[in-house]
Amino acid sequence: KAARPGDPMTAESAVNSLGYRFLANTMTDEAIQVFQLNVDLYPDSANAEDSLAEAFEGAGQLAAALAHYRLAIDKLDRHGARNSGYERNRAAIS
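What counts and how
- Residues numbered from 1 in each chain as written.
- Predicted model: local features only at pLDDT ≥ 70, side-chain atom pairs only at ≥ 80, totals over all residues.
- Heavy atoms only, no water.
- Phe/Tyr/Trp six-rings, centres within 6.5 Å; stacked < 30°, edge-to-face > 60°.
- Helix = DSSP H or I, 4+ residues; strand = E, 2+ residues; numbered from the N terminus.
- Buried < 20%, exposed > 50% of the residue type's maximum accessible area, 1.4 Å probe, protein only.
- Salt bridge = Lys/Arg side-chain N within 4 Å of Asp/Glu carboxyl O.
- Expected span 1.5 Å × (residues − 1).
- Contact = heavy atoms within 4.5 Å.
- Axes fitted to C-alpha atoms, helices over the stretch in contact; angles between N-to-C directions.
- Parallel < 35°, antiparallel > 145°, perpendicular 65-115°, else oblique.
- Left-handed = near helix turned anticlockwise from the far one by under 90°.
- Nonpolar A, V, L, I, M, F, W, Y, C, P; charged D, E, K, R; others polar.
- Core = buried A, V, L, I, M, F, W, Y, C linked by side-chain atoms within 4.5 Å.

(A) Quick look at the packing of aromatic side chains. Enumeration over the complete set of coordinates arrives at one aromatic pair. Between Tyr20 and Phe35, the ring centres sit 5.0 Å apart and the planes meet at 65°, which makes this aromatic pair edge-to-face. Taken together, the residues span a long stretch of sequence, with Tyr20 in helix H1 (residues 12-24) and Phe35 in helix H2 (residues 28-41) at a distance of 15 residues. The exposure class assigned to Tyr20 is partly exposed, which follows from its relative accessible area of 29%.

Laid out in structure tokens, this is it:
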């Protein structure tokens, strides 16, 4: 991302979509890796954090899932403007 800012291949939505493709094909380890990359690339994104939580939940790693759901809520609180479109999901994860 730093080497090629604006590259559509590293856009948050593109990385997230790839993670969900892995998750849909029960490739949870790969999904976790991709979602973790998205969290690393977009550290203020509640959506990226929530997607990582979903992958951990799908892998049966419930403690990790809960931790990442909590981080998503925290990011939503701290970066509200950045995550304004995500507010509708707050009730589902709190």
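Let us keep going from here.
(B) Region of the structure containing the pattern of salt bridges. With the rule as written, the count across this model stands at two salt bridges. One salt bridge connects Glu49 with Lys75, and the closest N-O pair in it is separated by 2.5 Å. Here Glu49, found in helix H3 (residues 46-58), pairs with Lys75, found in helix H4 (residues 62-78); they are 26 residues apart in sequence, far enough to count as distant. Across the pair Asp74 and Arg78 runs a salt bridge, and its minimum N-O distance is 2.7 Å. Placement of both Asp74 and Arg78 in helix H4 is noted, with a separation of four residues, approximately one turn of the helix.

(C) Here's a closer look at H1. Compared with an ideal rise of 1.5 Å per residue, which puts 13 residues at 18 Å, H1 spans 18 Å between its outermost C-alpha atoms and is within 8% of the ideal. Elements in contact with the buried residues of H1: H2 and H3.

(D) Spatial organisation of the packing of H3 against H4. With their axes 8 Å apart at the nearest point, H3 and H4 run at an angle of 170° to one another. Our classification of the angle between H3 and H4 gives roughly antiparallel. The handedness of the crossing between H3 and H4 comes out as left-handed. Residue-level inspection shows Ala46, Glu49, Asp50, Leu52, Ala53, Glu54, Phe56 and Glu57 of H3 in contact with H4, the latter providing Leu62, Ala64, Ala65, His68, Tyr69, Leu71, Ala72, Lys75 and Leu76. Within the contact of H3 with H4, the residues separate by chemical class into 11 nonpolar, one polar and five charged.

(E) Quick look at the nonpolar core. Leu23, Ala31, Ile32, Phe35, Val39, Ala48, Leu52, Ala53, Ala55, Phe56, Ala65 and Tyr69 form the largest nonpolar core, which has 12 residues in total. Breaking this core down by element, the ones donating at least two residues are H2, H3 and H4. For this core, the element with the most residues is H3, which contributes five residues. Aside from chain neighbours lying at most four places away, what touches Leu23 is Thr28, Ala31, Phe35, Glu54 and Ala55.

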